[in-house]
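Structural features, examined
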Amino acid sequence: MQALYLLVLDPIAETTGDPNSYGFRQHRSPADALQQCFLVLSRKTSAQWILEGDIHSCFDKIDLGWMRQHIPLEKPILEQWLSAGYVDKQRLYPTAAGVPQGGIISPVIANLTLDGLETLLQQHFPRHKGYKVNLIRFADDFIITGHNKALLEQQVKPLVEHFLAIRGLTLSAHKTHITHINDGFDFLGKNIRKYGDVLLIKPAKSSVKALLRKIQFHIRQGRQAPTEKLIAILTPVIRSWVNYHRHMVSKRTFVDVDCHIFRMLWSWARRRHPTKSARWVRQHYFRSVGGQNWVFAVDVKMQDGKTKRYQLNKAAHIPIKRHIKVKSQANPYDPAWETYFEQRLDNKMVNELQGRSQLLNLWLSQRGICPVCRQKITRQTGWHSHHLVWRSHGGGDEMGNRVLLHPNCHRQVHSHGVTVEKPRPT
């Protein structure tokens, strides 16, 4: 499985540099793909036209014969996977085409099926000729930029259709469009549009509506539910959506979402107590917490006699944090890139509350001492986190597999192969 994953690792650009030097391939995360959109569309000289590609039933339609011949996987394993069929309502159906959606290697197979499109575009539309053709893809969602509409419509689109047809796939006629950047388009739940010379990437209206519909559904289902249970249901829904959109221009959207949620909750509370006054409803269901007013919260008395407060945090209070893309050539299974991914993990630890808590626990567990030089780790000396079993060798990010080292000690460990032992907790 590790070898199979290596085949679909993709070059992804950093946040600085020349976007024309970046690879086309499938991106590791939606945030990486969207950051690439910013790089190739934000400049005054960037492409103005976008082909929004949508593959009709991608997972269901991939040609089995093509996959058997071209997917670089052991043929007996691949054959078993492709011919396993699927179960629906306790009935087994044979597989005539495509791969099972939700299967553990189906996304990998789908990515390998679409791999090669970037090379094809590079061959037909080299960058030095000014076509401004860039492919940005995450899974089966992709866009292609071009310097004019005719290029995308008459040359790029037919080329993509031929590439897909060989694999048994087609573009959706209703969902594939060619759009000008000033009109904007939706991609991976975001709306990407230029306002004058400024490119803004914001949560798409469809994504906002989907969130509010889901919240409305839970509120209606919880008409008679205790307040703390409703808060427990809504919190992960809101948090996951906000975390997905927090890397872009989202603050105003978050404020609007909070307003809609407040109105839903206010209606919910008034319906539960039709004879009570608005003041009573506010005092019963809303609190002032840390300078924030109208926080949906409830105080619950626990079995030990203590009071615990459940509150619904507002979307707008989640800070906007820009995403830093992974370097194009970085490979988490290559030991040469071990320190690079450790550095990215260090930055994440510093910038997130949970990460700072882990950092403190690591420092305390080794009594603030570097296990290599046996000297104190302080703010002045700096620190790096190190994986005892390297991630490129199968190690994980759990606390038991990490220690803090001085930066110079960390470099010596990697350059001279020094063995590091985790200090025993006191």
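Residues numbered from 1 in each chain as written. Predicted model: local features only at pLDDT ≥ 70, side-chain atom pairs only at ≥ 80, totals over all residues. Heavy atoms only, no water.

So, the overall build of the protein
Along the backbone of the protein there are 15 helices and 14 strands. C-alpha extents for the protein along the principal axes are approximately 70 × 65 × 55 Å. Across the 426 residues of the protein, 45% fall into the buried class. Just so you have it, the protein exposes about 23,400 Å², and 51% of that area is on carbon and sulfur atoms. Put simply, the protein has 61 plus and 33 minus side-chain charges, and the middle of one group is 11 Å from the middle of the other. (Helix = DSSP H or I, 4+ residues; strand = E, 2+ residues; numbered from the N terminus. Buried < 20%, exposed > 50% of the residue type's maximum accessible area, 1.4 Å probe, protein only. Areas by Shrake-Rupley, 256 points an atom, 1.4 Å probe, with all protein chains shown as cover. Lys, Arg positive; Asp, Glu negative; His and termini not counted. Charge placed at Lys NZ, Arg CZ, Asp CG, Glu CD.)

Some details on the pattern of salt bridges
All told, the structure shown has four salt bridges when counted by the stated rule. Of the charged contacts, one joins Glu79 and Arg68 as a salt bridge, the two residues approaching to 2.6 Å between their closest N and O atoms. Remark: Arg68 occurs in helix H4 (residues 64-70) and Glu79 occurs in helix H5 (residues 75-82); sequence separation between them is 11 residues. The partner of Asp299 in a salt bridge is Arg287, with the nearest N and O atoms 3.6 Å apart. In this pair, Asp299 sits in strand E11 (residues 292-301) while Arg287 sits in strand E10 (residues 286-289), placing the two residues 12 residues apart along the sequence. (Salt bridge = Lys/Arg side-chain N within 4 Å of Asp/Glu carboxyl O.)

Topic: the sheet that holds strand E4 (residues 134-138)
Reading across from one edge, E4-E5-E1-E6 is the order of the four strands in this open sheet, with antiparallel pairing throughout. Looking at the sheet topology across the chains shown, the edges are occupied by E4 and strand E6 (177-180). Each strand axis lies, on average, 20° off the axis of its neighbour in the sheet, ignoring direction. Relative to strand E5 (residues 141-146), strand E1 (residues 49-54) runs antiparallel, the two sharing six bridges. Opposite Asp54, over in E5, you have Asp141 as the bridge partner. (Pairing = 2+ DSSP bridges. Axes fitted to C-alpha atoms, helices over the stretch in contact; angles between N-to-C directions.)

A short note on the sheet that holds strand E12 (residues 307-311)
Neighbouring strands of a sheet are bound in pairs by backbone hydrogen bonds; such pairs are parallel or else antiparallel. Ordered by their spatial adjacency, three strands build an open sheet running E10-E11-E12, and the pairing between neighbours is antiparallel. The open sheet has two edge strands, E10 and E12, and neither has a second partner. Strand after strand, the sheet turns through a mean of 55° between neighbouring axes, direction not considered. By the bridge criterion, five bridges tie E11 to E12 in an arrangement that is antiparallel. Paired with Ala297 across the bridge in E12 is Gln311. Lying on the sheet, helix H10 (residues 227-245) is in contact with E11 and E12; it crosses E11 at an angle near 125°. Against the sheet, helix H11 (residues 251-272) contacts E10 and E11, and its axis sits at roughly 45° relative to E11. (Contact = heavy atoms within 4.5 Å.)

Some points on the side chain of Thr179
Examined against the element boundaries, Thr179 turns out to sit in strand E6. At 2.5 Å, the side chain of Thr179 and the side chain of Glu52 are in polar contact. Excluding anything up to four places from it in sequence, Thr179 contacts Gln48, Trp49, Ile50, Glu52, Gly184 and Phe185. (Polar contact = N/O pair within 3.5 Å; in protein donor to acceptor, adjacent residues only side chain to side chain.)

Re the confidence of the model for the protein
Atom-level detail of predicted coordinates should not be read off regions where pLDDT is low. With 92% of its residues at a pLDDT of at least 70, the protein reaches an overall mean of 85. Across residues 1-25 the pLDDT falls below 50, and counting only partners more than four positions away or on other chains, this stretch makes 75 contacts in the model. (pLDDT = per-residue confidence, 0-100.)

What about the layout of surface pockets?
In this structure, the largest pocket encloses a volume near 880 Å³. Lining the largest pocket are 27 residues, and of these His323, Ile324, Val326, Arg344 and Lys348 lie nearest its centre. Of all the secondary-structure elements, those providing two or more residues to the lining of the largest pocket are helix H2 (30-41) and helix H13 (338-351). Broken down by element, the lining of the largest pocket gets its largest block of residues, eight residues, from H13. Class assignment for the residues of the lining of the largest pocket results in nine nonpolar, seven polar and 11 charged. Here the second largest pocket is characterised by a volume of approximately 370 Å³. Where the lining of the second largest pocket is concerned, the elements lending two or more residues are strand E8 (190-195), strand E9 (198-203), helix H9 (205-221) and H11. It is H11 that contributes the most residues to the lining of the second largest pocket, six residues altogether. Class assignment of the residues belonging to the lining of the second largest pocket gives a composition of six nonpolar, four polar and six charged. (1 Å grid on protein atoms, 1.4 Å probe; cavity = no way out; pocket = protein on both sides within 12 Å on 5 of 7 lines; lining within 4 Å. Points joined across faces, edges and corners; volume = space filled by probe spheres on them. Nonpolar A, V, L, I, M, F, W, Y, C, P; charged D, E, K, R; others polar.)

Things to note about the packing of aromatic side chains
Taken as a whole and assessed by the stated rule, the structure comprises 14 aromatic pairs. For the ring pair Phe262 and Trp294, a centre distance of 5.3 Å and an interplane angle of 85° mean the geometry is edge-to-face. Of this pair, Phe262 sits in helix H11 while Trp294 sits in strand E11, placing them 32 residues apart in sequence. Since its relative accessible area comes to 30%, Trp294 is described here as partly exposed. Taking the centre distance of 5.5 Å and the plane angle of 75° together, the rings of Trp268 and Tyr285 count as edge-to-face. With a gap of 17 residues between them, Trp268 in helix H11 and Tyr285 in helix H12 (residues 278-285) connect regions that are remote in the sequence. Overall, Trp268 belongs to the buried group, its relative accessible area being 1%. Tyr285 gets classed as buried once you look at its relative accessible area, which sits at 2%. Feature note: the residues Phe262, Trp266, Trp268, Tyr285, Phe286, Trp294 and Phe296 constitute an aromatic cluster, connected by ring pairs. The cationic tip of Arg167 hangs over the ring face of Phe163; the distance from NZ or CZ to the ring centre is 3.7 Å. Its guanidinium or amino end placed over the ring of Trp280, Lys276 lies 5.0 Å from that ring's centre, counting from NZ or CZ. (Phe/Tyr/Trp six-rings, centres within 6.5 Å; stacked < 30°, edge-to-face > 60°. Lys NZ or Arg CZ within 6 Å of the ring centre and 35° of its normal.)

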